[in-house]
Amino acid sequence: MKPSSLICLLLIVPALAQAPEDWTTYGKNNAGWRFSELTSINTNNVPSLAPAWIRQFGSNGGNETTPLVVGGLMYLTGPSNTAWALDARTGQAIWSYKKASPAGLNLCCGQVNRGFALQGDKLFKVNIEGVLVALEAKSGVTLWETKIADYKKGYSATAAPLMVKNLVVTGIAGAEFGTRGFVEAYYADTGKRAWRFDTVAAEGDPGAASWGGDSWKRGGASTWITGTYDPELNLIYWGTGNPGPDMNGDVRPGDNLYTCSMVALDAETGKLKWHYQFTPHDLHDWDAISDPVLANLTVKGKPVKALIQANRNGFFYALDRTNGKFLHARAYTKVTWADSIGPDGKPVLIGGNEPSEEGTRTCPGLGGGHNWQAQAYSPQTGLLYFPSSQHCMLFYKTKQDYLDGQWYQASTVGENEHGVGSIIAIDPATGDTKWHFDMVSGTSAGMLATAGGLVFGSDGQGYLIAFNARTGKVLWKFQTGAPVAAPPISYAINGRQYVAVMSGQSLIAFAVPK
Amino acid sequence: MRFLISLCASAFLCAAQTPPPAATQASENGRVVFRIYCAPCHGIHAQGGRGPDLTRGTYAAGDTDADLHRTIVSGVTGTEMPGFPDFSQNIVGDLVAYIRSAAQREPPQIKGSFKDGEALFWAKGGCGACHKIGSKGGTLGPDLTRAGRQRSYAYLLESVVHPDADISPGFETITVVTRDGKKIVGVHRGYDNFNALLVDQAGKFYSFDKNEVTSAKQEYRSLMPGTYAKLFSPAELDDVLAYLMTLKGVQ
């Protein structure tokens with residue numbers, strides 16, 4: 001690290017940690033809590049919450065971004081390589097950014113983007129074609145661009161980067177195209193690469209034996225949601241996605257490390273400190289990419305530095321984040337593929353759940369019990385909040401040869417049942433569900449917890465909903481006019497607290513009327 | 001990956017199928033893509049379901065390769081068929097190859113008289129009370145103006161005999177019990193976590209806040225009577241199906 005970056009770090013990091021009115025990183029803090037310390041919107045006055053302003057962008061595609069707010073300015077990314085800076089009090093645009101994306105992208109899920117990372121006067125985002133970009137925060141002018149992956153091979157980039165000291169840490173997407181995932185760190189000032197961790201174990205890696213033949217070359221394990229960071233342990237935590245091809249394991253015998261896993265990486269070197277695989281030899285596309293939430297819990301009377309996640313495979317997990325040891329797991333939705341997770345941390349499998357030519361019914365379905373939707377953790381209640389689906393699907397296996405850069409799934413799914421959804425509050429120390437709000441469907445929206453005793457989330461039909469964080473009682477709701485596919489954030493300007501969320505093509509900022 | 005099926009939920013009618021002719025690499029690639037994107041509506045073997053049967057070798061939006069390319073890329077306006085503008089030309093070509101290989105070119109055996117079926121539909125069956133054909137008929141049930149294009153024979157037969165087998169989106173049954181004990185049953189016009197909107201059999205529209213009623217529920221069943229297999233003789237049923245299969249849109 002250069003001395004100048006060190007000074008910068010010393011000045012900035014404590015400042016960021018001390019600013020409850022701002023929202024300066026994807027998960028609000030390094031631990032991914034999405035917990036706002038602001039209290040002026042609270043259980044008493046939330047029923048009067050109303051839109052303060054609405055900004056319509058008119059962009060095409062899904063809006064999944066977590067806006068950042070600092071110093072009264074809001075920075076947010078849109079689909080198709082777009083971004084804006086807005087006055088966070090009025091929604092007035094200050095600058096905009098647009099970079100044409102190339103033709104010939106291979107995307108599973110649209111030209112989405114989930115947000116900026118911020119350090120000092122610089123913003124960092126990925127563009128869909130696999131380019132990491134640094135922008136000047138006050139102007140939106142490009143400072144540097146670094147290619148991180150080749151879109152022609154099926155890679156794409158969608159996640160908000162994570163700032164760790166002077167490093168911009170980024171993941172990648174593309175596990176449906178025979179790619180090989182990674183986590184990389186780049187120097188914030190130059191865009192030069194500091195380190196890379198390959199999430200598919202290759203020859204020479206202790207995990208290589210978990211792949212039959214050369215199947216690791218197309219092994220997937222993409223890293224398409226932002227990780228978290230523990231500065232005391234100096235470890236970065238990042239979840240990894242499905243093995244490739246998705247629901248056909250015939251060509252990839254073995255556990256397929258490090259797919260569907262949590263990896264803990266040394267922040268200086270990117271070296272693997274530990275890993276834990278939630279779903280060995282996954283056959284149902286159950287990525288483990290959901291944000292790893294870091295919380296210090298008391299488990300069976302003992303304090304433990306935990307990592308908690310509602311995994312896509314239908315189980316909620318708590319791990320010891322110092323060493324990756326399994327603490328406990330509990331099904332939070334309907335699960336038919338495993339009886340339980342054993343004391344050794346391995347699933348106790350139920351037979352007959354392998355995808356087949358004519359279809360095999362398994363619960364949860366391909367989207368999982370809880371997918372990528374941002375979780376929220378409240379230190380006030382000690383509860384973890386996340387949206388969930390209860391849904392089963394038919395999983396089909398087909399034959400498919402690998403072609404460079406082409407869709408490589410060798411499998412598909414069908415639905416013949418109507419799923420339902422819920423928003424769940426779980427006690428991470430035990431896995432007990434404390435409350436749940438049942439919904440007519442699942443939702444793509446994420447969660448926000450606040451010190452006002454509130455939790456915000458959205459259903460699949462456009463309602464932004466405020467719950468009492470302890471009881472789950474609905475205290476307020478607002479029909480935003482389009483399905484929400486992003487998590488809400490909260491910030492304050494001159495003491496006035498806002499809750500803001502992307503809905504459809506609009507950013508809506510709510511406040512208690514003056 | 002995130003979502004695979006976002007187009008529509010579906011019921012598979014896995015009818016027995018004759019295997020397709022020897023598959024080329026293109027048609028085999030197409031079959032894989034078809035299973036992912038098209039099977040939810042057109043059936044796992046392209047035999048139709050909520051979407052048209054594609055094994056007949058004749059297509060509503062045109063029969064040439066160019067027509068099929070355009071239909072896949074751009075969709076069909078005014079129908080449930082979306083476009084797939086992000087598909088590469090190669091993928092579209094593979095899909096067309098698969099659709100060609102799946103086409104049996106033998107139209108389903110239609111035994112009945114469509115003329116007699118038309119009379120049965122409007123008179124004895126009373127189907128027009130709820131279904132519209134062209135500008136004639138009611139609005140409670142799905143519009144059947146293009147039913148012969150949009151649905152397969154097997155799907156239509158099942159829909160007449162077992163109306164609950166697959167409910168088209170937007171035609172679920174909603175039942176509300178109000179605080180004064182009144183029970184209102186009707187067809188879905190909107191149902192979410194907080195509201196229930198419906199039209200009853202008399203055509204009256206209701207909008208309820210779920211918090212202000214005793215109960216509100218949505219069921220995946222049809223308001224259509226399940227008695228048509230008894231009402232119609234087997235020969236009459238053939239006639240009605242023959243009529244439905246002639247419905248290919250207003251000329």
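Since we're looking at a predicted model, the values are computed, not measured.

(A) Broad picture of the overall build of chain B. Within chain B, the regular secondary structure consists of nine helices and seven strands. Sorting the 251 residues of chain B into buried and exposed places 47% on the buried side. Relative to all contacts within chain B whose residues are 6 or more apart in sequence, the contacts with residues 24 or more apart total 60%. Of the roughly 12,100 Å² of accessible surface on chain B, a fraction of 55% belongs to carbon and sulfur atoms.

(B) Region of the structure containing the sheet that holds strand 28 (residues 393-397) of chain A. All names here are of chain A. The antiparallel open sheet is built from three strands, whose spatial order is 25-28-29. Looking at strand neighbours, the two that pair on one side only are strand 25 (360-362) and strand 29 (411-414), the edges of this open sheet. If you compare each strand with its neighbour and ignore which way they point, the axes differ by 35° on average. Bridge analysis of strand 25 against strand 28 gives three bridges, and the strand direction is antiparallel. Residue pairing in the sheet places Thr 362 in a bridge with Met 393 of strand 28.

(C) The interface of chain B and chain A, seen in detail. Taken residue by residue, the interface counts 29 residues in chain B and 49 residues in chain A. Approximately 3,000 Å² of surface area, both sides summed, lies buried where chain B meets chain A, with 56% of it carried by carbon and sulfur atoms. On the surface where chain B and chain A come into contact, there are one salt bridge. For the salt bridge of Glu357(A) with Arg35(B), the shortest nitrogen-to-oxygen distance reads 3.9 Å. Scanning the region where chain B abuts chain A turns up five residue pairs in polar contact (both at pLDDT 80 or more). By residue number, the principal contributor to the side of chain B that touches chain A is helix 1 (residues 25-37) of chain B, which donates eight residues. Of the residues in the side of chain B that touches chain A, the class split is 16 nonpolar, seven polar and six charged.

(D) Spotlight on the packing of helix 5 (residues 114-122) of chain B against helix 9 (residues 234-246) of chain B. Residue and element names in this part refer to chain B. It is the contact of helix 5 with helix 9, at a shortest axis distance of 7 Å, that shows an interaxial angle of 95°. By the criterion of interaxial angle, the relationship of helix 5 to helix 9 is roughly perpendicular. On helix 9, the residues that touch Phe 114, Asp 116, Gly 117, Glu 118, Leu 120, Phe 121 and Trp 122 of helix 5 are Glu 236, Asp 239, Val 240, Ala 242, Tyr 243, Leu 244 and Thr 246. Residues belonging to the contact of helix 5 with helix 9 are distributed by class as follows: eight nonpolar, two polar and four charged.

(E) Broad picture of the state of the cysteines. Residue and element names in this part refer to chain A. The tally for this structure, following the rule as stated, stands at two disulfides over all chains. The disulfide partner of Cys 108 is Cys 109, and the S-S distance across this bridge is 2.1 Å. Residues Cys 108 and Cys 109 are joined through a disulfide that is left-handed, its torsion about the S-S bond being -100°. With a sulfur-sulfur separation of 2.2 Å, Cys 363 is cross-linked through a disulfide to Cys 392. On the sign convention where negative is left-handed, the bridge of Cys 363 and Cys 392, at about 100° about the S-S bond, is right-handed. A residue pair is termed long-range when its members are at least 10 positions apart, and Cys 363 in the loop between strand 25 and strand 26 (376-378) and Cys 392 in the loop between strand 27 (383-390) and strand 28 qualify at 29 residues. As far as the burial class goes, Cys 363 and Cys 392 line up, both buried. Here chain A pairs its bonded cysteines, counted in sequence order, in the arrangement 1-2, 3-4.

(F) How the structure looks around the domain arrangement of chain B. Domain assignment breaks chain B into domain 1 (25-102), domain 2 (114-167 + 225-246) and domain 3 (173-219). Just the C-alpha atoms count here: the centres of domain 1 of chain B and domain 3 of chain B sit 38 Å apart.

(G) Examining the side chain of Glu184(A) more closely. Residues and elements named next belong to chain A. Summarising the element assignment, Glu 184 is placed in strand 13 (residues 182-187). The buried category is assigned to Glu 184, whose relative accessible area is 0%. A polar contact of 2.7 Å, which involves the side chain of Glu 184, links it to the side chain of Arg 193. The residues touching Glu 184, leaving out its near neighbours within four places in the chain, are Ile 148, Val 168, Val 169, Thr 170, Arg 193, Trp 195 and Arg 196.

(H) Spatial organisation of the packing of helix 1 of chain B against helix 4 (residues 89-102) of chain B. Residue and element names in this part refer to chain B. Packing of helix 1 against helix 4 leaves a shortest axis separation of 7 Å and a crossing angle of 95°. Considering their axes alone, helix 1 and helix 4 lie roughly perpendicular with respect to each other. Counting all contacts with helix 1, which are made through Ala 26, Ser 27, Asn 29, Gly 30, Arg 31, Val 33 and Phe 34, the residues of helix 4 involved are Ile 91, Asp 94, Leu 95, Ala 97, Tyr 98, Ile 99 and Ser 101.

(I) Spatial organisation of helix 9 of chain B. All names here are of chain B. Relative to the 18 Å expected for 13 residues at 1.5 Å per residue, helix 9 spans 19 Å between its end C-alpha atoms, a close match to the ideal helical length. When helix 9 is considered as a whole, its buried residues turn out to be Glu 236, Leu 237, Asp 239, Val 240, Leu 241, Ala 242, Tyr 243, Leu 244 and Met 245. On the buried face of helix 9, the contacting elements are helix 5, strand 1 (132-133), helix 6 (147-150), helix 7 (153-161) and helix 8 (228-231).

(J) Structural detail: the pairing of strand 13 of chain A. Residue and element names in this part refer to chain A. Counting buried positions along strand 13 gives five out of six residues, so the element sits mostly inside the fold. Alignment of strand 12 (residues 167-170) against strand 13, held across four bridges, turns out to be antiparallel. Looking at the pairing, Leu 167 lines up with Tyr 187 of strand 13. Relative to strand 14 (residues 193-198), strand 13 runs antiparallel, the two being bridged by five bridges. When the bridges of strand 14 are listed, Tyr 186 appears paired with Arg 193. In this antiparallel pair of consecutive strands, strand 13 and strand 14, the connection spans five residues, and Gly 191 shows a positive phi of 80°.

So, how was this worked out
Residues numbered from 1 in each chain as written. Chains lettered and ligands numbered in written order. Predicted model: local features only at pLDDT ≥ 70, side-chain atom pairs only at ≥ 80, totals over all residues. Heavy atoms only, no water. Helix = DSSP H or I, 4+ residues; strand = E, 2+ residues; numbered from the N terminus. Buried < 20%, exposed > 50% of the residue type's maximum accessible area, 1.4 Å probe, protein only. Contact = heavy atoms within 4.5 Å. Areas by Shrake-Rupley, 256 points an atom, 1.4 Å probe, with all protein chains shown as cover. Pairing = 2+ DSSP bridges. Axes fitted to C-alpha atoms, helices over the stretch in contact; angles between N-to-C directions. Buried area = accessible area lost by both parts, 1.4 Å probe. Salt bridge = Lys/Arg side-chain N within 4 Å of Asp/Glu carboxyl O. Polar contact = N/O pair within 3.5 Å; in protein donor to acceptor, adjacent residues only side chain to side chain. Nonpolar A, V, L, I, M, F, W, Y, C, P; charged D, E, K, R; others polar. Parallel < 35°, antiparallel > 145°, perpendicular 65-115°, else oblique. Disulfide = S-S within 2.5 Å. Domains from an automatic or database assignment. Expected span 1.5 Å × (residues − 1).

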